[in-house]
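Per-entry structural report
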Amino acid sequence: MARLEVVAGRALGISIQLDDELLIGRHADGAGRLADDDEISRSHARISLDRSGFCAIEDLGSRNGTFVNGLRISGPQTLSVGDAIEVGGTTLVVRELHTQPADA
């Protein structure tokens, strides 16, 4: 499990729980729409989490790009607690990353 907190943008203050994958974009369902941030692409980025707690983000060919800690990413980028993710007009911070027991 991972927890992301929106610290800037229209979705300010929202906490997003992630169990496996979060699609970010205007055509995403639920939290991935980021309160309809009009600066994100239809399919902007994907955050994936595996059972070991490995978390990564990848840009899906967005117009404005995806940034981690201020640097534009060009391929999948590993995330750690405290990393800041910028997509469109929204900034999210990774607040928690938890591994799951092997038998879960």
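This text follows the structure it describes.
It should be emphasised that the depicted structure is a prediction, and the values quoted were computed from it without experimental measurement.

The next point concerns the sheet that holds strand 6 (residues 66-68). Two orientations exist for strands paired in a sheet by backbone hydrogen bonds: parallel and antiparallel. Pairing is antiparallel in the open sheet, where six strands are placed in the order 2-1-10-9-6-7. One side of each edge strand has no neighbouring strand; the edge strands of this open sheet are strand 2 (15-18) and strand 7 (71-72). The sheet contact formed by strand 1 (residues 2-8) and strand 10 (residues 90-97) spans six bridges and is antiparallel. Bridged to Glu-5 within strand 10 is Val-93.

A separate point is the sheet that holds strand 8 (residues 77-78). Pairing within the open sheet is antiparallel, and its four strands lie in the order 3-4-5-8. With partners counted over all chains shown, the strands left at the sheet margins are strand 3 (21-24) and strand 8, one partner each. Note that strand 3 and strand 4 (residues 45-49) share four bridges and pair antiparallel. Looking at the pairing, Glu-21 lines up with Ser-48 of strand 4.

The next thing to look at is the pairing of strand 9 (residues 84-87). Here is the key point about a regular strand: its side chains alternate between the two faces of the sheet. Along strand 9, the buried face is formed by Ile-85 and Val-87; none of Ala-84 and Glu-86, which line the opposite face, is buried. Here strand 9 pairs with strand 10 via four bridges, running antiparallel. If you follow Glu-86 over to strand 10, its bridge partner there is Thr-91. Counting the residues in the hairpin turn of strand 9 and strand 10 gives two residues, including Gly-88, whose phi is positive at 55°.

Basis of the calculations
Residues numbered from 1 in each chain as written. Predicted model: local features only at pLDDT ≥ 70, side-chain atom pairs only at ≥ 80, totals over all residues. Heavy atoms only, no water. Pairing = 2+ DSSP bridges. Helix = DSSP H or I, 4+ residues; strand = E, 2+ residues; numbered from the N terminus. Buried < 20%, exposed > 50% of the residue type's maximum accessible area, 1.4 Å probe, protein only.

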